[in-house]
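Listed here are the chains, written in short residue letters.
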Amino acid sequence: MITGKTQLLGVIGYPIAHSLSPVMHNAAIANLKADYVYLPFPIPPEELGKAIAGFSAIGVKGFSVTIPHKITIMPLLGGVSDRARLVGAVNTVWRTEEGWYGTNTDVDGFLAPLKAFNIEGTKMKPLILGNGGAARAVIVGCAELGCKDIGVIGRDSNKLKELRQSWAGTSLENLMTSHTWDELPGLIGESNLLINTTPIGMSPHIEDTPVSEEIFERLSADAIVYDLIYTPRPTRFLQIARSRGATLIDGLEMLVQQGAVALKQWLNQPVPVDVMRQSLEDYLK
Ligand code: NAP
């Protein structure tokens, strides 16, 4: 029920109609009987500054940030976490006495299902497909896990170079190794954590896969294969990996867990992760 005391949360992006965040956050809010509502806000890039000022004026408590604002919002905030600075993007913002503060919970979201397997980070050898925004959070997550050699495959060597240079002077610069797609057949057998951060195979292109069956044959059967995509479930990439006997993780858990960390921050109380996950599973059916 919306009351006179209901507090406002939301997500900004452009477009935003595809966002699943309102579904899972409002399901959790209802379950907790918290006096909040979480709304989608389509904010064109040129209106971002005005929107943030408006949020301050109307007392918005906190909000999620998605494409295309994850990077451009950073200079508009009063402060950002070290992790958000390292990732180079903010996805969660809340109000403080000094103004808006931003962090990046995609790293928590990415790590949560891996931690559930009790893996030893120093023994993991990740191979990351793609070098875009999500890959940055994944690389930071792998470094936090303790991985010593983080392979990244991209199709544009200039972008790979820029990515590595963005971490100049930090430990990430030395942990990351850059590769092009033609190197994949030689690298896949050495990796025990293969992660797809490209949109290849995402609905409606569900027959596509970033790794062919032939190349997958080189993957070790004890590898973990992680696809950040959550529609379809499973992707063709994960279906092939399953036939190799690999352990699978799809993108839904990352989505749920990054949202759970954000909601816990806004509400300052534990949140029902199971309710959030179930609401998305029901919605995606
Ligand atoms: P992005 O910034 O656009 O990055 C996409 C990356 O994939 C880029 O490196 C791009 O290469 C590469 N790529 C795209 N098409 C390719 C192709 N045909 N062949 C080779 N490489 C290709 O997007 P993003 O924000 O990182 O998101 C990537 C995926 O992760 C999306 O499917 C998104 O839904 C998913 N995601 C999931 C979660 C979650 O919570 N589960 C969170 C974030 C993102 P170039 O740089 O050369 O263009």
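Refer to the structure presented above.
Residues numbered from 1 in each chain as written. Predicted model: local features only at pLDDT ≥ 70, side-chain atom pairs only at ≥ 80, totals over all residues. Heavy atoms only, no water.

(A) Representation of the overall build of the chain within the structure. Scanning the chain for helices and strands turns up 12 helices and 12 strands. The C-alpha atoms of the chain give a radius of gyration of 19 Å, which matches the 19 Å a tight globule of 285 residues would have. Overall size of the chain, expressed as C-alpha extent along the three principal axes, is 60 × 40 × 35 Å. Taking all 285 residues of the chain together, the buried fraction comes to 50%. In the chain, once contacts between residues fewer than 6 apart in sequence are set aside, the share between residues at least 24 apart is 69%. Accessible surface, the chain as shown: approximately 13,600 Å² in total, 52% of it carbon and sulfur. Looking at charge distribution, the chain has the averaged site of its 25 positive side-chain charges lying 4 Å from that of its 29 negative ones. (Helix = DSSP H or I, 4+ residues; strand = E, 2+ residues; numbered from the N terminus. Rg over C-alpha atoms; globule rule 2.2 N^0.38 Å. Buried < 20%, exposed > 50% of the residue type's maximum accessible area, 1.4 Å probe, protein only. Contact = heavy atoms within 4.5 Å. Areas by Shrake-Rupley, 256 points an atom, 1.4 Å probe, with all protein chains shown as cover. Lys, Arg positive; Asp, Glu negative; His and termini not counted. Charge placed at Lys NZ, Arg CZ, Asp CG, Glu CD.)

(B) Up close: the pattern of salt bridges. Throughout the structure, instances matching the rule amount to 12 salt bridges. The salt bridge partner of Arg83 is Glu144, with a shortest N-O separation of 2.8 Å. With Arg83 in helix 3 (residues 82–87) and Glu144 in helix 5 (residues 133–145), this pair connects stretches of sequence that are 61 residues apart. Its salt-bridge partner being Glu281, residue Arg233 comes within 3.7 Å of it at the nearest N-O pair. (Salt bridge = Lys/Arg side-chain N within 4 Å of Asp/Glu carboxyl O.)

(C) Layout of the sheet that holds strand 11 (residues 224–227). Across the sheet, 6 strands lie side by side as 9-8-7-10-11-12; this open sheet has parallel pairing. Each edge of the sheet is formed by a strand with only one pairing partner; in this case those strands are strand 9 (176–180) and strand 12 (247–249). Pairwise comparison of adjacent strand axes, ignoring direction, gives a mean angle of 20° for this sheet. Pairing of strand 7 (residues 126–129) with strand 10 (residues 193–196) involves 4 bridges; the strand directions are parallel. The partner of Leu129 across the bridge, within strand 10, is Asn196. (Pairing = 2+ DSSP bridges. Axes fitted to C-alpha atoms, helices over the stretch in contact; angles between N-to-C directions.)

(D) Broad picture of the sheet that holds strand 3 (residues 62–65). Strand order in the open sheet formed by 6 strands is 2-1-3-5-6-4, and the pairing between neighbours is mixed. Each having just a single partner strand, strand 2 (36–42) and strand 4 (79–80) make up the two edges of the open sheet. Across the sheet, helix 1 (residues 21–32) touches strand 1 (7–13), strand 2 and strand 3, and the angle it forms with strand 2 is around 170°.

(E) Structural view of unusual backbone geometry. In this chain, Tyr14 is followed by Pro15 through a cis amide linkage whose omega measures 5°. Checked against the element boundaries, Pro15 lands in the loop between strand 1 and helix 1. Of note, the bond from Thr231 into Pro232 is cis; its omega dihedral lies within 30 degrees of zero at 0°. Summarising the element assignment, Pro232 is placed in the loop between strand 11 and helix 10 (236–243). The phi dihedral of Lys33 falls on the positive side, at around 55°, and the residue is not glycine. Inspection of the secondary structure assignment puts Lys33 in the loop between helix 1 and strand 2. The class for Lys33 is exposed, based on a relative accessible area of 76%. The backbone of Asn268 sits at a positive phi, close to 55°, despite the residue not being glycine.

(F) Quick look at the site of the ligand. Asn131, Gly133, Ala134, Leu228 and Gly251 are the nearest of the 20 residues found near the ligand. At 3.4 Å, a backbone N or O of Leu255 approaches an oxygen atom of the ligand. Here the ligand has 920 Å² of accessible area as a free molecule, and 73% of this is covered by the chains. (Near = heavy atom within 4 Å. Polar contact = N/O pair within 3.5 Å; in protein donor to acceptor, adjacent residues only side chain to side chain.)

(G) Looking closely at helix 4 (residues 106–115). Most of helix 4 is tucked away: 7 of the 10 residues are buried. Among all positions of helix 4, only Asp106, Val107, Gly109, Phe110, Leu111, Pro113 and Leu114 are buried.

(H) Highlighting the state of the cysteines. Under the definition given, this model contains 0 disulfides. Cys142 carries a free sulfur, and the closest cysteine sulfur to it, the one in Cys147, is 4.7 Å from it. (Disulfide = S-S within 2.5 Å.)

(I) Expanded view of the packing of helix 1 against helix 12 (residues 273–284). Remark: helix 1 packs on helix 12, axes separated minimally by 8 Å, with the N-to-C direction vectors making an angle of 130°. Comparing their axes, helix 12 and helix 1 come out oblique. Taken as a pair, helix 1 and helix 12 cross one another with a handedness that is right-handed. Of the residues in helix 12, those in contact with Val23, Met24, His25, Ala27, Ala28 and Asn31 of helix 1 are Val275, Met276, Ser279, Leu280 and Tyr283. Of the residues assigned to the contact of helix 1 with helix 12, the class counts are 8 nonpolar, 3 polar and no charged. (Parallel < 35°, antiparallel > 145°, perpendicular 65-115°, else oblique. Left-handed = near helix turned anticlockwise from the far one by under 90°. Nonpolar A, V, L, I, M, F, W, Y, C, P; charged D, E, K, R; others polar.)

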